[in-house]
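Structure assessment
Residue strings, one per chain:
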Amino acid sequence: MQNYSLMHWSSLLQRGKEVVNVARSVTPIQKLPGLFSEPLSRVQVSSMAVKENLILLGGFNGELLCKCVNQPGVAFCTRLSTEDNAITNTVDIYPSPSGSLRLITANNDCHIRVFDAQSFTLVSEFAFDWSVNNTSVSPDGNLLAVLGDSTECLISDSHSGKVISSLKGHKDYSFASAWHPNGLILATGNQDTTCRLWDIRNPSESFAILKGNMGAIRGLKFTPEGRFLAMAEPADFVHIFDTQSGFLQSQEIDLFGEIAGISFSPDTEALYVGVADRTYGSLMEYKRRKDNHYMDSFF
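Residues numbered from 1 in each chain as written. Predicted model: local features only at pLDDT ≥ 70, side-chain atom pairs only at ≥ 80, totals over all residues. Heavy atoms only, no water.

**Examining the pairing of strand 15 (residues 174-179)**
Selection rule: Accessibility here uses a 1.4 Å probe with only protein chains present; expressed as a share of the type maximum, an area under 20% marks a residue as buried, one over 50% as exposed, and anything in between as partly exposed. Here a strand is any run of E in DSSP of at least two residues, a helix any run of H or I of at least four, and the numbering for each starts at the N terminus. Two strands form a pair only when DSSP identifies at least two bridges running between them.
In terms of burial, strand 15 is a largely internal element, 6 of the 6 residues being buried. Pairing between strand 15 and strand 16 (residues 185-190): 5 bridges, direction antiparallel. Bridge assignment links Ser174 to a residue of strand 16, and that residue is Asn190. Here strand 15 folds back onto strand 16 in antiparallel fashion, the turn holding 5 residues, of which Gly183 has a positive phi close to 75 degrees.

In structure tokens, the structure reads:
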């Protein structure tokens, strides 16, 4: 994102192209009976997800926009809440156990909402006792990690919203989570400057604590095959942990500027770091280097 403009960056061609501009009025192009959709303008993007040929954007005033990558215009957009502080903190796209594609949002109004990705109808809505800063869905689509303005992190049933277990150990509010592809390990990032790792088969306590340098852990990403975990602080530092070493071996990337987000390429050969600094705003690309003799890797 740059000045209300969503850009697609091609690492092969080394150039960017505007995909959608949300400074202007955005009118949804998909018209379906009973679909609650409305035009939006000057959306300050607070969250983003790209998956399964869809781009999902959340806004600081509770907005939600969905665009199909290979189609012009925005397919669906709406305001999820009319509350004053209803930031769309997290958006994601995931396949449900039934095989249908789902869109999920977490907002400051204490709600998680699930939409059908084809009809954009609201499938489920779950309310919690505190602002939901982050949610993530397990690889099998059955569990939700729910994190927010609480020292506890919740594991809920993705169909009913019923709380299954409570993860206790963090000392402040949580902002990030990520599931290992095996579906058994959950990583949670907290304002107490730590990431805790949980085995959901034994959620009574975390089995490891990964520490940052200075700030809250705001971003967590596993590589698609689960070999590495990237952990981002609000500014200056990204840490990469080798899961095969039991998270004991790590690399620290020291950069300059506020970190807007992190993402691995699908082939795990690159790590991208968004820098939101007004002066040094950029997208940084780190290539994976390999020592084939030692079968070792680093970025």
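**A short note on the sheet that holds strand 7 (residues 88-95)**
Either a parallel or an antiparallel arrangement is found when strands of a sheet pair, and the pairing is made through backbone hydrogen bonds. Convention followed: A fitted line through C-alpha atoms represents every axis, and for helices the fit uses only the stretch in contact; the resulting angles, taken between N-to-C directions, go from 0 to 180 degrees.
Taken in spatial order, the 4 strands of this open sheet run 7-8-9-10, and their pairing is antiparallel. The open sheet has two free edges, formed respectively by strand 7 and strand 10 (122-127), since each of these has just one partner strand. Ignoring strand direction, the axes of neighbouring strands in this sheet form an average angle of 15 degrees.

**Regarding the state of the cysteines**
For clarity, the cut-off: Here, two cysteine sulfur atoms that lie within 2.5 Å of each other are counted as a disulfide.
Overall, the coordinates contain 0 disulfides when judged by the stated rule. Free cysteine Cys68: the closest other cysteine sulfur is in Cys66, separated by 5.9 Å. Cys153 takes part in no disulfide bond, and the closest cysteine sulfur to it belongs to Cys195, at a distance of 10 Å.

**Focus on unusual backbone geometry**
You will see that Gln14, though not glycine, has its phi angle at about 60 degrees, which is positive. With respect to the secondary-structure elements, Gln14 resides in the loop between strand 1 (5-10) and strand 2 (15-21).

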